[in-house]
Amino acid sequence: MATLQTIAFSSPLSHHSPQQPLRLLPGMKSGTVWHSSRSSFSGQALTTPISRLNRTLKTSRAFTLTIQMVKPTIQFIPGRDEQTIPDVKLTKSRDGTNGMAIFRFDQPSVFDSSGEVGDITGFYMIDDEGTLQSVDVSAKFVNGRPAGIEAKYVMRTPKDWDRFMRFMERYANVNGLQFVKS
């Protein structure tokens, strides 16, 4: 990837104007002009024949592809993982179009650090697919001291339900939880 960025920015192709004839390196073929709304790159796609690519790879350094998986976590304050494992109750409508997950945390660790780090801003379930979040969070107090947190996550579509269940499967595997049907 770094090589492609270097070619794009140091090549005359990246500064090419339509009035000038386009000169390519030997073995390269011109492609279509590439424009992307998600990238600042706007240039011409290049392809290299396989035989030339093989010679280049033999003389270059070896690279290792590293995929980092995100450990599924729950957070109330962004950046601070909740250490307490919750009791989770699921409900689903008869037609399967929506549902709700209710998380109950007894003596959550967020109360230990909320004064130092910041306020509880929501309920965040984070895994390698992204973040599921809710702002339906309430605290339970006993004798003026925080004793627990209840957070609700509403799933309005079957797609939301499936995404939530993928998160819960990952979270359960990491934390040794199991599903008990009532």
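Since this is a predicted model, take the numbers as computed values, not measurements. (Residues numbered from 1 in each chain as written. Predicted model: local features only at pLDDT ≥ 70, side-chain atom pairs only at ≥ 80, totals over all residues. Heavy atoms only, no water.)

A.B. asks: Tell me about the pattern of salt bridges, residues and numbers included.
C.D. replies: Applying the stated criterion across every chain yields a total of seven salt bridges. The partner of E150 in a salt bridge is R104, with the nearest N and O atoms 2.8 Å apart. Taken together, the positions of E150 in strand β10 (residues 145–155) and R104 in strand β6 (residues 99–106) put the pair 46 residues apart, joining distant regions of the chain. D127 is the salt-bridge partner of R170, the closest N and O atoms lying 2.8 Å from each other. Of the two residues, R170 is situated in helix α4 (residues 158–175) and D127 in strand β7 (residues 123–127); the sequence distance between them amounts to 43 residues. (Salt bridge = Lys/Arg side-chain N within 4 Å of Asp/Glu carboxyl O. Helix = DSSP H or I, 4+ residues; strand = E, 2+ residues; numbered from the N terminus.)

A.B. asks: Run through the confidence of the model for the protein chain, naming residues and quoting values.
C.D. replies: Reading fine detail from the predicted coordinates is not recommended where pLDDT is low. For the protein chain, per-residue confidence averages 74 on the pLDDT scale, and residues scoring 70 or more make up 60% of the total. In this model, residues 28–48 is a region of pLDDT below 50 whose contacts with residues beyond four sequence positions or in other chains number 31 contacts. (pLDDT = per-residue confidence, 0-100. Contact = heavy atoms within 4.5 Å.)

A.B. asks: Tell me about the sheet that holds β10, and please be specific about residues and values.
C.D. replies: Ordered by their spatial adjacency, four strands build an open sheet running β5-β6-β10-β9, and the pairing between neighbours is antiparallel. On the outer flanks of this sheet lie β5 (87–92) and β9 (137–142), each paired with one strand and no other. Neighbour to neighbour, the strand axes of the sheet diverge by 15 degrees on average, direction disregarded. Pairing of β6 with β10, which is carried by eight bridges, proceeds in the antiparallel orientation. (Pairing = 2+ DSSP bridges. Axes fitted to C-alpha atoms, helices over the stretch in contact; angles between N-to-C directions.)

A.B. asks: Pulling in residues and values, what's your account of the sheet that holds strand β8 (residues 130–134)?
C.D. replies: The strands making up a sheet associate through hydrogen bonds between their backbones, and the pairing can be parallel or antiparallel. Strand order in the open sheet formed by four strands is β4-β3-β7-β8, with antiparallel pairing between adjacent strands. Unpaired on one side and paired on the other, β4 (80–81) and β8 mark the two borders of the sheet. The sheet strands contacting α4 are β3 (73–77), β7 and β8, and the helix crosses β7 at an angle near 75 degrees.

A.B. asks: Kindly report on the nonpolar core, identifying the contributing residues and their values.
C.D. replies: Formed by 20 residues in total, the largest nonpolar core has its most connected members in I74, F103, F123, M125 and F164. Among the secondary structure elements, those contributing two or more residues to this core are β3, β6, α3 (110–117), β7, β10 and α4. The biggest single contributor to this core is α4, with five residues. Apart from the residues within four sequence positions on either side, F123 is in contact with I74, Q75, F76, F103, F105, L132, Q133, S134, V137 and A151. (Core = buried A, V, L, I, M, F, W, Y, C linked by side-chain atoms within 4.5 Å. Buried < 20%, exposed > 50% of the residue type's maximum accessible area, 1.4 Å probe, protein only.)

A.B. asks: Describe a nonpolar patch on the surface, listing the residues and the values that go with them.
C.D. replies: A surface patch of nonpolar side chains, amounting to about 290 Å² of accessible area, comprises L90, M165 and F179. Mapped onto the elements, F179 comes out in the segment after α4. On the basis of relative accessible area, F179 is assigned to the exposed category, the value being 65%. (Patch = residues over 30% accessible without salt bridge, like charges linked within 9 Å, V, L, I, M, F, W, Y side chains within 5 Å. Areas by Shrake-Rupley, 256 points an atom, 1.4 Å probe, with all protein chains shown as cover.)

A.B. asks: A description of the environment of G96 should follow, citing residues and the corresponding values.
C.D. replies: Its place among the elements puts G96 in the loop between β5 and β6. Residue class for G96 comes out buried when judged on its relative accessible area of 18%. Residues G96 and P158, 62 residues apart in the sequence, show an inter-C-alpha distance of 6.8 Å.

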